[in-house]
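Chains, contacts and geometry: an overview
The primary structure of each chain is shown beneath.
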Protein chains: 2
Amino acid sequence: MGTAESAVGAPPRPGLRERKKQRTRDALVRAALELIATRGYEGTTVDDIVAAVDVSQRTFFRYFAGKEEVAFFVARLAESRVLDAVRARPPHEAPLEVLRRAVLDSWDGITEAVEQLVPLDLHMRVYRVIESTPALLAAHLRRATELEEELARVIADREGLDVDADPRPRILVAAFGGVVRVAERRWSAGDDCSPEAMRAVMTACLDQVGPALAGNWRTGPSPNRGTET
Amino acid sequence: MGTAESAVGAPPRPGLRERKKQRTRDALVRAALELIATRGYEGTTVDDIVAAVDVSQRTFFRYFAGKEEVAFFVARLAESRVLDAVRARPPHEAPLEVLRRAVLDSWDGITEAVEQLVPLDLHMRVYRVIESTPALLAAHLRRATELEEELARVIADREGLDVDADPRPRILVAAFGGVVRVAERRWSAGDDCSPEAMRAVMTACLDQVGPALAGNWRTGPSPNRGTET
DNA sequence: TGTCAGCTGTCAGTCGCTGACATTAGCTTG
DNA sequence: CAAGCTAATGTCAGCGACTGACAGCTGACA
């Protein structure tokens, strides 16, 4: 010890090789997202992406398993954040509340982390492409269910249940995930792409879970009637 | 009139051309499902399929938009059946009950219709391949959300709501769809592949929607505790 | 400084998929 | 029934995603 890079307390600065890799990966992500946001997903070939960064196609496929993966590079950051937030919730909270608060509370941190990688506006535009491109939407939904599976395990652990014996954790998470997806769609279909708007939409949707599952909508006050467009 | 094919009351027998097309399509579906069930999805090339039916590759792509589509040919029958069943529900039923009864009541009819096309056992094996193949699972989930979108519209119409203004139809359908997916997974993961078993799993999962969303699972009786493996 | 491991590029090849064009085969009309 | 039209099919060429194999280069480390 004593040398600069082995000092404790600070993360050891990675070597030149590692930094180069990081730079190449980031450059590929940025170039890919920019191209996808402007030309669309199908309109963007891998050759286009690698030409913009001036690396070989083979290198691209060494960094990303497929063309899809680069489009979800940013989204995966958000996923792991949410998962961490769920794990950090106090043990006395009810399951549905855990999910709700985890999503809403990790929101700002996610926004910040994303912006550190790519401009937020770019991320928004790419998200719309994902929602409107069948192949990407399919991949997105698959990733979402994988996240749900992990969430179900965490929830089951919290409650001391066996995920495979008791269907309730998976059912709760599935229902929750469905609501989140509805919120995402409403957001991506609207004009206001700001994180605050998204947060509001998400909150509103989560508040509707109870009412939506209530027996009969026609009795009692109908919230949100004619309040939009 | 008076000729055999123009007789009223009976569905006019399609011409030779149409029958040939039907036969080719069915042969492609059967060959494809058989191959996929045994060799897996990625292990089955389009050339393998067309070789088994002795048509050109180009013909395959005139019948199916892609290799995926042939794998979901049977599943799409079931989807349209469920949609019809939902539309046929009496107007006084509550939304959640409509979905529940539509799925359960159309079950036998679907099973019958499927068996008319391919052996039920083959369909089961293919379904497991779908669940375990990322690309197919992704496509399956995308189709499922498209079905959910249509269901949401139907439900909203029943209740006299605007799908785009009131989030509750989509939320309800999303939650319901999530539960159905959990049931599908539990079924495909288990040993018993019979339709009766599937029906039982589906019923059990649907009965858990309320309890799963209830505030705290630890209070009150926990159903299904330790009743399975 | 020299050796070694890891990153990169090149090349060839497979597979899914499509457009263009020629060929065949069913149906229609005189 | 024969000619003519149209729809179905086959053939061919080509693009794009993706992969394995091999070769060259470049940080890392003694």
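Points about the protein's contact with DNA strand C
Close to DNA strand C lie 22 residues, the nearest being Ser56, Thr59 and Arg62 of chain A together with Leu16 and Lys67 of chain B. With respect to DNA strand C, the side chain of Arg62 of chain A contributes an N or O atom lying 2.6 Å from a base oxygen. At 3.2 Å, a backbone N or O of Val46 of chain B approaches a phosphate oxygen of DNA strand C. When residues of the surface near DNA strand C are traced back to their parent elements, those giving at least two are α1 (16-39) and α3 (57-63) of chain A together with α1 (16-39) and α3 (57-63) of chain B. Residues belonging to the surface near DNA strand C are distributed by class as follows: six nonpolar, seven polar and nine charged.

Overview of the nonpolar core
Among the nonpolar cores identified, the biggest contains 136 residues, and Met202 of chain A together with Met202 of chain B are the most heavily contacted of them. Once you skip the residues sitting within four places of it in the chain, Met202 of chain B turns out to touch Val103, Leu104, Trp107, Val180 and Ala183 of chain B.

Brief notes about the pattern of salt bridges
All names here are of chain B. Enumeration over the complete set of coordinates arrives at 38 salt bridges over all chains. With its nearest N and O atoms 3.3 Å apart, the salt bridge here joins Arg101 to Glu97. One end of the pair is Arg101 and the other is Glu97, both in helix α6 (residues 95-105) and four residues apart, which spans about a single turn. Among the salt bridges present, the one from Arg170 reaches Glu149, with a minimum N-O distance of 2.9 Å.

A short note on the protein's contact with DNA strand D
The immediate surroundings of DNA strand D are formed by 23 residues, with Leu16 and Lys67 of chain A together with Lys21, Thr59 and Arg62 of chain B found nearest. In DNA strand D, atoms within 4 Å of the protein come 56% from sugar and phosphate. Residue Ser56 of chain B places a side-chain N or O atom 2.9 Å away from a phosphate oxygen belonging to DNA strand D. Here Arg62 of chain B contributes a side-chain N or O atom positioned 2.7 Å from a base oxygen of DNA strand D. Where the surface near DNA strand D is concerned, the elements lending two or more residues are α1 and α3 of chain A together with α1 and α3 of chain B.

Details of unusual backbone geometry
Glycine aside, residues mostly have negative phi, and peptide bonds are mostly found in the trans state. All names here are of chain A. Even without being glycine, Asp54 reaches a positive phi, approximately 60°. Note on placement: Asp54 falls in the loop between α2 (46-53) and α3. On the basis of relative accessibility, which here comes to 68%, the residue Asp54 falls in the exposed class.

As for the relation of the copies chain A and chain B
Once chain A is rotated about the relating axis by 180° and shifted along it by 0.0 Å, it coincides with chain B to within an RMSD of 0.1 Å. The superposition operator between the copies reduces to a two-fold rotation axis. Of the C-alpha atoms belonging to chain A, the one lying closest to the rotation axis is found on Ala175 of chain A, 1.9 Å away. A high fraction, 100%, of the interface residues of chain A reappear at the interface in chain B, so the copies pair face to face through one surface.

Some details on the interface of chain A and chain B
Listed per partner, the contact involves 51 residues of chain A and 51 residues of chain B. For the pairing of chain A and chain B, the buried interface totals around 4300 Å² over both sides, and the portion due to carbon and sulfur atoms is 63%. The interface formed by chain A and chain B holds four salt bridges in total. A salt bridge links Arg185 of chain A to Glu149 of chain B; the shortest N-O distance between them is 2.9 Å.

Some points on the packing of helix α6 (residues 95-105) of chain A against helix α9 (residues 134-159) of chain A
All names here are of chain A. The geometry of α6 relative to α9 is characterised by a closest axis approach of 11 Å and an angle of 130° between their N-to-C directions. Here α9 runs oblique to α6, going by the angle between their axes. In this structure, the crossing between α6 and α9 has a hand that is right-handed. Across the interface between the two elements, Pro95, Val98 and Leu99 from α6 touch Leu151, Ile155, Arg158 and Glu159 from α9. Among the residues forming the contact of α6 with α9, the class breakdown is five nonpolar, no polar and two charged.

Rules used in this analysis
- Residues numbered from 1 in each chain as written.
- Chains lettered and ligands numbered in written order.
- Predicted model: local features only at pLDDT ≥ 70, side-chain atom pairs only at ≥ 80, totals over all residues.
- Heavy atoms only, no water.
- Near = heavy atom within 4 Å.
- Polar contact = N/O pair within 3.5 Å; in protein donor to acceptor, adjacent residues only side chain to side chain.
- Helix = DSSP H or I, 4+ residues; strand = E, 2+ residues; numbered from the N terminus.
- Nonpolar A, V, L, I, M, F, W, Y, C, P; charged D, E, K, R; others polar.
- Core = buried A, V, L, I, M, F, W, Y, C linked by side-chain atoms within 4.5 Å.
- Buried < 20%, exposed > 50% of the residue type's maximum accessible area, 1.4 Å probe, protein only.
- Contact = heavy atoms within 4.5 Å.
- Salt bridge = Lys/Arg side-chain N within 4 Å of Asp/Glu carboxyl O.
- Least-squares fit on C-alpha atoms with pLDDT ≥ 70 in both.
- Buried area = accessible area lost by both parts, 1.4 Å probe.
- Axes fitted to C-alpha atoms, helices over the stretch in contact; angles between N-to-C directions.
- Parallel < 35°, antiparallel > 145°, perpendicular 65-115°, else oblique.
- Left-handed = near helix turned anticlockwise from the far one by under 90°.

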